[in-house]
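Inside the fold
Okay, here's what each chain looks like letter by letter:
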Amino acid sequence: MFNTLKGKISSVYLCLVLVIAIVGAVSVLNLYELSRAINGLMTDNYKSIGAINNMVDALERQDSSMLIYINVDRQKGIDLFTQNSNTFLNWYIVEHNNITEPHENEYVEKINSCYNAYTKSFSQLQEILNSQGTDKAIEYYNSQIVPNFTNLKQELKDLSLLNEKAMFQDKNSATGNAEHSMYIILAASSIAVIGGFLLSRFSTNRFLEPMYSLTEAVKLAKPGNLDKQVSVDSQDEVGVLAAEYNNLTRRLQQYEQSTLGNLMAEKNKSLTIVKSISDPLVVLDTNYKIMLLNNACEEFFNIQEQSVINKHFLEAIRNGEVFDHISSVLNSREDYKEKIIRVRSNDDFYFNVLVTTIKGVDANVTGLIVIFQDVTQLKKLEKIRADFIATISHEFKTPLASIIMGTSMILEENMGALNEEQRSVLTTINEDEIRLTNLLNELLQLSKLESDRAFFNFQPCSVAGIAETSVKQFYEQAQKKDIALYYDIDDNLPKVEADFEKITWVVNNLITNAIKYTNAGDEIVIGARVKDNKMFVSVKDTGVGIPPEYLDKIFDKFVQVKGFDSEVRGTGLGLVIVKEIIEAHKGQVWCESTLDVGSNFTFTLPLWGGNMQ
Ligand code: ADP
């Protein structure tokens, strides 16, 4: 029963009810005693006093009846005497049966004997009156009866006084009893009140003590501070709650430790991976303060992690171009950007600087990872290749030029007349020479593009301006072939971030192809529109079209659609150059085409400043 809070509270209430019951019983007992004392006072003594008074009355009337007997009427006197004697005796019996006080009995006996003597003296009086006459009777009355009467009255008075005294005593004792009862009740009530107060206070504190410690522990409980356990002394509901709380915090702590452990393990793993990356790597916050760098970075830039941590990027790596590139990622809100940058240390190094944003849970950028990919060797190889192609091209171009000049002179018959067979052979040779020259030129251009991608001159350009430049260049050529060439671009379109010359080159290549693969009466239109924060530029013709199986191949090197007759045979490099330039602009290029209906080449360009003009 005392194991539960309910049982404990019930037992305290039971104790309080018992105390109230005891106090009530003591009060009732005392009041009962008091009422009994008052009752005694009211009934016994009062009854005696009443009987004595009646006896006195009867005695006085008897005395009068004696005088009536002597002086007035003998029979009436006797009758009155007898009648009052009966009354006297009746009240005497009442008093005799109501003896309550000490010595009262003696008084009653004395009264009895006195009264007997008194009644006898009346018989004596009757005899004296009858035998000796009235005078003698009066003399007897005065000498014998009156003293008896007085004596008897005195006895009755004394008895009455005794009862009166007893009454006063009873009254005093009742008052004393009342006071006594009052003190007892007061004491019992005080003890009950103090005891009840102490009991309820003690038990409330005792019952609520674990609740207080539980509340304190709950208040203090927070991640990292879950080791505070509540001491469980009781088996009651609060004890059960405290035990459950302890279990809960223990489980939370275990979970926290395991989560923390996992997190730490994961962090260490990531750190080890980052540290062991062979390319220099720096992690920055959004204020460009260094949060982490790896060993390769320390080594290459000759810095110590401890001395540059929390410092600005430029304090550790003083390279404005790299910093501009990093900040351009934050400013443009791009997730990833790379750029080949020359970094001077003891020697010249080329790094492909990769900048990737770190995003928090709410997709906000919280930092940046900068990786310096060493492409110096590639750069060198690239240079060797470019130099090689340039040398070869150059070496080829000079003899080729003299060959073309020679064949042209022979074909013009400056060196004598040619027969038809000779002319035909020489014409074929001349065409191949021109084609070879074109191929060499395009190879040279492509090689330059591939190696010089980092040196594009990006600036805000108007697509309409580019289209206008290209259309002007090819207008006559198109007109000669009876092809309508025009552009349809809104002047108010936003500007693009592009290298004007390179994009003009792209449009030129696409127009060249379109003129090549269209017939008289067809048309070529250059259009542009903005969608998804990008510029979509299209060169659309109503020419021969491209078979579907070629659509994803024509942007590869030397791919040409078989079976197409064209006045000038191409090199298969024009669209490769287009793709190269567009990808350098972070754009895409593709073609939609239907045979005998026409082709539509589309490429995308980034808008200048995101979406600003
Ligand atoms: P080429 O020098 O042969 O034109 P390109 O790389 O420019 O090389 O084009 C590759 C091939 O794609 C062309 O040979 C041609 O078959 C096809 N082509 C390109 N543009 C068009 C076009 N507008 N219409 C039809 N076919 C085209």
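Worth saying up front: this structure is predicted, and the values here are computed from it rather than measured. (Residues numbered from 1 in each chain as written. Predicted model: local features only at pLDDT ≥ 70, side-chain atom pairs only at ≥ 80, totals over all residues. Heavy atoms only, no water.)

What follows deals with the overall build of the protein chain. Each helix and strand in the protein chain was counted, giving 14 helices and 12 strands. In terms of overall size, the protein chain is more extended than a compact globule, its C-alpha atoms giving a radius of gyration of 69 Å where 613 residues would be expected to give roughly 25 Å. Counting the 613 residues in the protein chain, one finds 37% classified as buried. Counting only contacts in the protein chain whose residues sit at least 6 apart along the sequence, the fraction spanning at least 24 positions is 63%. Accessible surface for the protein chain amounts to roughly 36,100 Å². Of this, 56% is attributable to carbon and sulfur atoms. Charged side chains of the protein chain number 58 positive and 79 negative; the gap between the two group centres comes to 3 Å. (Helix = DSSP H or I, 4+ residues; strand = E, 2+ residues; numbered from the N terminus. Rg over C-alpha atoms; globule rule 2.2 N^0.38 Å. Buried < 20%, exposed > 50% of the residue type's maximum accessible area, 1.4 Å probe, protein only. Contact = heavy atoms within 4.5 Å. Areas by Shrake-Rupley, 256 points an atom, 1.4 Å probe, with all protein chains shown as cover. Lys, Arg positive; Asp, Glu negative; His and termini not counted. Charge placed at Lys NZ, Arg CZ, Asp CG, Glu CD.)

A separate point is unusual backbone geometry. What is expected of a backbone is that most residues other than glycine have negative phi and most peptide bonds are trans. Located in the positive-phi region is His-103, a residue other than glycine, with phi close to 70°. Along the chain, His-103 turns up in the loop between α2 (74-96) and α3 (104-132). At Tyr-288, a residue that is not glycine, the phi angle is positive and equals roughly 65°. Following the sequence through the fold, Tyr-288 ends up in the loop between β1 (281-285) and β2 (290-293).

What follows concerns the packing of aromatic side chains. Scanning the entire structure with this criterion turns up 17 aromatic pairs. Aromatic pair Phe-313 and Phe-323: ring centres 6.4 Å apart, planes at 25°, arrangement stacked. Placement of Phe-313 in helix α8 (residues 313-316) and of Phe-323 in helix α9 (residues 320-332) is noted, with a sequence separation of 10 residues between them. Classification of Phe-313 as buried rests on a relative accessible area of 0%. Aromatic side chains Phe-555 and Phe-601 sit 6.2 Å apart centroid to centroid with 70° between the ring planes, which places their arrangement in the edge-to-face category. You can see Phe-555 sitting in the loop between β10 (534-541) and α14 (574-584) and its partner Phe-601 sitting in strand β12 (residues 598-606), a full 46 residues away along the chain. The exposure class of Phe-555 is buried, given its relative accessible area of 9%. Among the aromatic residues, ring-to-ring pairing joins Tyr-69, Phe-81, Phe-88, Tyr-115, Tyr-118, Phe-122 and Phe-149 into one connected group. (Phe/Tyr/Trp six-rings, centres within 6.5 Å; stacked < 30°, edge-to-face > 60°.)

What follows is about the pairing of β10. Counting buried residues in β10 gives 6 out of 8 residues, a clear majority hidden from the surface. Note that strand β9 (residues 523-531) and β10 share 8 bridges and pair antiparallel. For Lys-531, the partnering residue across the bridge sits in β10 and is Lys-534. Here β9 folds back onto β10, and the loop between the two strands holds 2 residues, one of which, Asp-532, carries a positive phi near 50°. As defined by bridge partners, β10 adjoins β12 across 7 bridges and the pair is classed as antiparallel. Directly across from Phe-536, in β12, lies its bridge partner Thr-604. (Pairing = 2+ DSSP bridges.)

We now examine the sheet that holds β12. Strand pairing in a sheet takes place through backbone hydrogen bonds and is either antiparallel or parallel in direction. Read across the sheet, 5 strands follow the order β7-β9-β10-β12-β11 without closing on themselves; strand pairing throughout is mixed. Of all the strands in the sheet, the pair left with one neighbour each is β7 (484-488) and β11 (589-594). Direction aside, neighbouring strands of the sheet carry axes that sit 15° apart on average. Sheet contacts for helix α12 (residues 463-480): β7, β9 and β10; angle to β7, the most-contacted strand, approximately 170°. Together, β11 and β12 form the strand contacts of α14, whose direction differs from that of β12 by roughly 25°. (Axes fitted to C-alpha atoms, helices over the stretch in contact; angles between N-to-C directions.)

Taken together, 20 residues form the shell around the ligand, and within it Asn-513, Asp-541, Gln-560, Thr-571 and Leu-575 come nearest. For the ligand, an oxygen atom lies 3.1 Å from a polar atom in the backbone of Val-561. The contact in question runs from an oxygen atom of the ligand to an N or O atom on the backbone of Gly-574, over 3.3 Å. Contact with the protein chains covers 98% of the free accessible surface of the ligand, which is 520 Å². Elements supplying a minimum of two residues to the shell around the ligand: α13 (500-516), α14 and β12. (Near = heavy atom within 4 Å. Polar contact = N/O pair within 3.5 Å; in protein donor to acceptor, adjacent residues only side chain to side chain.)

This part is about the environment of Leu-607. Within the element layout of this structure, Leu-607 appears in the segment after β12. Spatially, the C-alpha atoms of Leu-607 and Gly-367 are 25 Å apart, while their sequence positions differ by 240 residues. Not counting residues within four places of it along the chain, the set of residues in contact with Leu-607 comprises Pro-494, Lys-495, Val-496, Glu-497, Val-530, Asn-533, Lys-534 and Met-535.

Quick look at the side chain of Thr-604 now. Positionally, Thr-604 belongs in strand β12. Of the residues examined, Thr-604 reaches a relative accessible area of 3% and is grouped as buried.

Ranked by size, the top nonpolar core spans 50 residues in total, and within it Ile-503, Ile-526, Met-535, Ile-554 and Phe-603 carry the most contacts. Of all hydrophobic cores here, the second largest spans 29 residues; its members include Ala-58, Ile-111, Ile-128 and Ile-145. (Core = buried A, V, L, I, M, F, W, Y, C linked by side-chain atoms within 4.5 Å.)

Time to look at helix α10 (residues 376-411). Its 36 residues give α10 an end-to-end C-alpha distance of 50 Å, which sits within 8% of 52 Å, the value for a rise of 1.5 Å per residue. Along α10, the positions that sit buried rather than exposed are Thr-376, Lys-379, Glu-382, Ala-386, Ile-389, Ser-393, Leu-400, Ile-404, Thr-407 and Leu-411. Positive backbone phi, approximately 60°, marks Glu-413, located one or two places after α10. (Expected span 1.5 Å × (residues − 1).)

Let us now look at the packing of α3 against helix α4 (residues 134-220). Orientation of α3 relative to α4, taken along the N-to-C sense of each, is 165°, at an axis distance of 9 Å. As the angle between them shows, α3 and α4 are arranged roughly antiparallel. Seen from above, α3 lies across α4 with left-handed handedness. In the contact of α3 with α4, the residues fall into 19 nonpolar, 7 polar and 5 charged. (Parallel < 35°, antiparallel > 145°, perpendicular 65-115°, else oblique. Left-handed = near helix turned anticlockwise from the far one by under 90°. Nonpolar A, V, L, I, M, F, W, Y, C, P; charged D, E, K, R; others polar.)

Time to look at the pattern of salt bridges. Pairing of side chains with opposite charge becomes possible as their charged atoms draw close. Applying the stated criterion to the full structure yields 13 salt bridges. Glu-413 is the salt-bridge partner of Arg-423, the closest N and O atoms lying 2.8 Å from each other. With Arg-423 in helix α11 (residues 420-451) and Glu-413 in the loop between α10 and α11, the pair connects residues that are 10 residues apart, well separated along the chain. Look at Arg-423 and you get partly exposed, because its relative accessible area is 28%. Taking the relative accessible area as the measure of exposure, Glu-413 reaches 34% and is therefore partly exposed. With its nearest N and O atoms 3.1 Å apart, the salt bridge here joins Lys-502 to Asp-499. (Salt bridge = Lys/Arg side-chain N within 4 Å of Asp/Glu carboxyl O.)

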